[in-house]
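Structural description and commentary
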Amino acid sequence: MTTQAAFDETVDVLVVGSGAGAMVAGLYAALSGAQVLLVEKSPYYGGTSATSGGGLWIPCNHLMADVGIDDNAGDAARYMLALTGEDVARENVESYIANGARMLRWLTDHSHVRFQAMQYYADYYQHLDGAKPGGRSIDPLPYNAQVLGKDFHDMQEPHRQVRVMGLMGYSNTEGAILLSKSPGWFKLILRLAAQYFLDLPWRLYSRRSRRLTMGNALIGRLRRSLLDWKVPIWLSSPAGTLISDAGGKVVGATVQRGGRTLRVGARFGVILASGGFEFSQELRERHLPSPTHRSWSAANPYNTGDMLRAAQKVGAATALTDEAWWGPTIHVAGEDRARMLFTERSMPGAIVVNKAGQRFFNESVAYTTAVQAMYQPGNLPAFLIFDARYRREYPFGPLLPGGMHLDWLQPAGIRRNLLKKADTLSGLAALLGIDGGGVLAAVERFNGFARSGKDLDYQRGENPYDLLYGDRRVSPNPCLAPLTEPPYYGIEIYPGDIGTKGGLLTNAHGQVLDTQGRPIAGLYATGNCSASVTGRYYPGAGATLGPAMTFGFLAAEHACSNGRRPS
């Protein structure tokens, strides 16, 4: 039997990972009086959460009242259960609905974390009973990195795609204004630029912005809260194997630190919040649909499924390992991860076609739904094409709108090679290797829809989510504009992801279950190393972090409560 003397270090709660779910678990445990340690594989804290949009999807949250939207557990349950079906235990769904709002209230009362409800960020499946036109998705308020002191240097930087010119961050709320060119968008750009360039003398020291937004704002606020309670994070310290006692209870883990293998004991429990397996090509090929490649992922390159394997070795069950938080992606030369096409395919004047040149889905749908369509037979490879008007008006990947005349800020190789370009649609089809006749027919039909404002094939632009990234200046349908102005541009897009969403099977408290459906004592999991409570779908913006933080909260609550009970 393992004893405390067998350990190099012993704490009450050991958390593996340093993303939002991990930090919430650590914070709750610390405020409960537990001794806590977070261990992180990467040299930087924050994980995929730091590079994400930072939003949470929380039904019935208290901020919805601020934007005049009502919610209730019944509506939330009908909506979620319609999506999850038989893939997720009903008690897990009900636990999330009941405790997500409680977790958010607790964070608001006990940490620096602050959010605002996004009034117009609609749930992704508006046709389902219980869907809301906004409010369930909440946006972290910007944060000043100065309050982190030297710890700011150890935070994972934002993904390049959420920084204007790779420099200036913006919140989700600000991003919706900029991308849809809503009234005041140009003044917003000027204000963001002024804030960035006038941050002196910091600007002379670093290009990195100290105005933290999106995932960096959330992680910055959580890290400050952990610092207040003196909760340590060991960086560059990957966990290895889980340690069990003679009765099968998980009582610690091995951790690589400073060239040594340490045995770290956990009196109350080990909480795994270590991310998915998206950057393990082996696990992708074993579990995900084919074709698949790790270079198509926009998530954290350190996520290779280490703790998924470790937990399976102590008998853990898994579920939904064939699923991911899907989204179409592109790869930009020189970058360490892909870029997700959150908005580019939604703006009016862009369409997606297969090799036959045919459209096959509504380009403005939620990103998970887009990849599910791409994986249907005959739709890969897939290509996004648009014309000169689109190129002039909207950003694409690292390229700013051509009308801003700022392409010179990008390396020449990206300017020349990112997009294929031709004076005719037939010429573009030849460059991309797709059927020219099919493209001509598809564009002609689409152009007719754009002029009438009705997409008779896929109903693009007919629900609140579609309209989120439309252009309000375009009529009669903000999501539809004809492709008529040469030159024409195109690029192959991939069935990518922002992380896998299948993994360790857990119960309503975040306890990991064994292959017989029984909780493994002392072992918990949350976030992308666990099977998602949302099943095979993506209810709304923030449905990755909302459950990760909620079940991190519940796992810590359960571990601390049970850890103090007399044995």
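Because the structure is predicted, anything quoted here is derived from the model rather than measured. (Residues numbered from 1 in each chain as written. Predicted model: local features only at pLDDT ≥ 70, side-chain atom pairs only at ≥ 80, totals over all residues. Heavy atoms only, no water.)

With that out of the way, let us pick up the overall build of the chain. Along the backbone of the chain there are 17 helices and 23 strands. Expected size for 567 residues packed as a compact globule is a radius of gyration near 24 Å; at 24 Å, the chain falls within 12% of this value. Across its three principal axes, the chain shows a C-alpha extent of roughly 75 × 55 × 50 Å. Per-residue burial for the chain yields a buried fraction of 62% across its 567 residues. Of the charged side chains in the chain, 56 are positive and 49 negative; the average position of the first set lies 6 Å away from that of the second. (Helix = DSSP H or I, 4+ residues; strand = E, 2+ residues; numbered from the N terminus. Rg over C-alpha atoms; globule rule 2.2 N^0.38 Å. Buried < 20%, exposed > 50% of the residue type's maximum accessible area, 1.4 Å probe, protein only. Lys, Arg positive; Asp, Glu negative; His and termini not counted. Charge placed at Lys NZ, Arg CZ, Asp CG, Glu CD.)

Here we come to the pairing of strand β13 (residues 260-272). Looking at chain direction, strand β1 (residues 9-16) and β13 are connected through seven bridges and run parallel. Along β13, the bridge assignment pairs valine 15 with isoleucine 271. Where strand β12 (residues 250-257) and β13 come together, six bridges link them in antiparallel fashion. Paired with arginine 257 across the two strands is arginine 260, which belongs to β13. Hairpin connection from β12 to β13: two residues lie between these consecutive antiparallel strands, with glycine 258 at a positive phi of about 60°. (Pairing = 2+ DSSP bridges.)

Two faces belong to every sheet, and in a regular strand the side chains alternate between them. Across the seven residues of strand β23 (residues 519-525), five count as buried, placing the element largely inside the fold. Pairing analysis gives three bridges linking β13 to β23, with the strands arranged parallel. Note that in β23 the partner of leucine 272 across the bridge is alanine 525. Where strand β22 (residues 511-513) and β23 come together, two bridges link them in antiparallel fashion. When the bridges of β23 are listed, leucine 513 appears paired with proline 519. Turn length for the β22-β23 hairpin, with the two strands adjacent in sequence and antiparallel, is five residues, and the turn residue glycine 517 shows positive phi of about 85°.

Bringing the sheet that holds strand β3 (residues 56-57) into the picture now. Sheet strands pair by backbone hydrogen bonding; their relative direction is either parallel or antiparallel. Read from one edge of the open sheet, three strands run β3-β5-β4, paired in antiparallel fashion. Either end of the sheet is taken by a strand with one partner, and the two such strands are β3 and β4 (115-117). Direction of pairing for β4 relative to strand β5 (residues 137-140): antiparallel, over a ladder of three bridges. When the sheet's bridge partners are listed, phenylalanine 115 is paired in β5 with proline 140.

Attention shifts here to the nonpolar core. One finds Leu56, Leu242, Leu272 and Phe396 to be the most contacted residues of the largest nonpolar core, which totals 150 residues. With residues near it in sequence (within four places) discarded, leucine 272 still touches Val16, Leu242, Met307, Ala311, Leu504, Leu523, Tyr524, Ala525, Thr526 and Cys529. Ranked by size, the runner-up nonpolar core spans 17 residues in total, among them Phe383, Ala429, Val439 and Leu480. (Core = buried A, V, L, I, M, F, W, Y, C linked by side-chain atoms within 4.5 Å. Contact = heavy atoms within 4.5 Å.)

Our next topic: the packing of helix α1 (residues 20-31) against helix α8 (residues 214-228). Between α1 and α8, whose axes approach to 10 Å, the crossing angle comes to 25°. Between α1 and α8, the angle falls in the class roughly parallel. In the crossing of α1 with α8, the sense of the turn from one axis to the other is left-handed. Residues Ala20, Met23, Val24, Gly26 and Leu27 of α1 touch α8, and the partners they reach there are Leu218, Ile219, Leu222, Arg223, Ser225 and Leu226. In terms of residue class, the contact of α1 with α8 is made up of eight nonpolar, two polar and one charged. (Axes fitted to C-alpha atoms, helices over the stretch in contact; angles between N-to-C directions. Parallel < 35°, antiparallel > 145°, perpendicular 65-115°, else oblique. Left-handed = near helix turned anticlockwise from the far one by under 90°. Nonpolar A, V, L, I, M, F, W, Y, C, P; charged D, E, K, R; others polar.)

The next point concerns the environment of aspartate 87. Looking at the element boundaries, aspartate 87 is found in the loop between α3 (73-84) and α4 (90-110). You can call aspartate 87 partly exposed: its relative accessible area is 35%. For the pair aspartate 87 and alanine 531, spaced 444 residues apart in the sequence, the C-alpha separation amounts to 9.7 Å. If we ignore the near neighbours within four places in the chain, the residues touching aspartate 87 are Leu320 and Arg536.

So, about helix α11 (residues 367-374). Summarising burial for α11: six of the eight residues are buried, a large majority. Of the residues making up α11, those classed as buried are Tyr367, Thr368, Ala370, Val371, Ala373 and Met374. Contacts from the buried residues of α11 go to β15 (324-330), β18 (382-387), α16 (464-468) and β20 (488-500).

Here we come to the environment of glycine 499. Mapped onto the elements of the fold, glycine 499 is located in strand β20. Glycine 499 sits 436 residues away from leucine 63 along the chain, and the two C-alpha atoms are 27 Å apart. What glycine 499 contacts, discounting residues up to four positions off in sequence, is Glu278, Ser297, Ala299, Ala324, Trp325 and Asn528.

A few words on the packing of aromatic side chains. Across all of its chains, the model carries 25 aromatic pairs by this definition. Here the aromatic rings of tyrosine 196 and phenylalanine 197 are separated by 4.9 Å at their centres, their planes lie at 90°, and the arrangement is edge-to-face. Three or more aromatic residues link up through ring pairs in this structure, and these residues are Tyr124, Trp325, Phe342, Tyr367, Tyr465 and Tyr538. Above the plane of the ring of tryptophan 325 lies lysine 501, whose end atom (NZ or CZ) is 4.0 Å from the centre. (Phe/Tyr/Trp six-rings, centres within 6.5 Å; stacked < 30°, edge-to-face > 60°. Lys NZ or Arg CZ within 6 Å of the ring centre and 35° of its normal.)

This paragraph deals with helix α14 (residues 425-432). Among the residues of α14, Leu425, Leu428, Ala429 and Leu432 are the ones counted as buried. The buried residues of α14 all sit within an arc of 100° when viewed along its axis, so they share a single face. Summarising the contacts, the buried residues of α14 are in contact with β18, β19 (420-422), α15 (436-452) and β20. Positive phi appears at glycine 433, one or two residues downstream of α14, with a value of about 80°. (Arc of directions from axis to C-beta.)

For the pair α4 and helix α17 (residues 545-563), interaxial distance at closest approach is 9 Å and the crossing angle is 85°. As the angle between them shows, α4 and α17 are arranged roughly perpendicular. Residues Asn92, Ser95, Tyr96, Asn99, Gly100, Arg102, Met103, Trp106 and Leu107 of α4 pack against Gly546, Pro547, Met549, Thr550, Phe551, Phe553, Leu554 and Glu557 of α17. Taken together, the residues that form the contact of α4 with α17 break down as nine nonpolar, six polar and two charged.

This brings us to unusual backbone geometry. Of note, the amide linkage connecting serine 290 to proline 291 takes the cis form, showing an omega dihedral of 0°. Structurally, proline 291 is set in the loop between α9 (281-287) and α10 (306-313). A cis amide bond links leucine 380 to the next residue, proline 381, at an omega of 0°. Tracing the backbone through its elements, the reader meets proline 381 in the loop between α11 and β18. Although it is not a glycine, leucine 320 sits at a positive phi angle of roughly 60°.

Close approach of charged atoms allows side chains with opposite charge to pair. Inspection of the entire model under this criterion finds 31 salt bridges. Residue glutamate 94 is joined to arginine 90 by a salt bridge in which the shortest nitrogen-to-oxygen separation is 2.8 Å. Here arginine 90 and glutamate 94 lie together in helix α4, a separation of four residues that amounts to about one turn. On the basis of relative accessible area, glutamate 94 is assigned to the partly exposed category, the value being 38%. Between glutamate 174 and arginine 191 there is a salt bridge, and its shortest N-O distance comes to 3.9 Å. Taken together, the positions of glutamate 174 in helix α5 (residues 172-180) and arginine 191 in helix α6 (residues 185-197) put the pair 17 residues apart, joining distant regions of the chain. Classification of glutamate 174 as buried rests on a relative accessible area of 10%. (Salt bridge = Lys/Arg side-chain N within 4 Å of Asp/Glu carboxyl O.)

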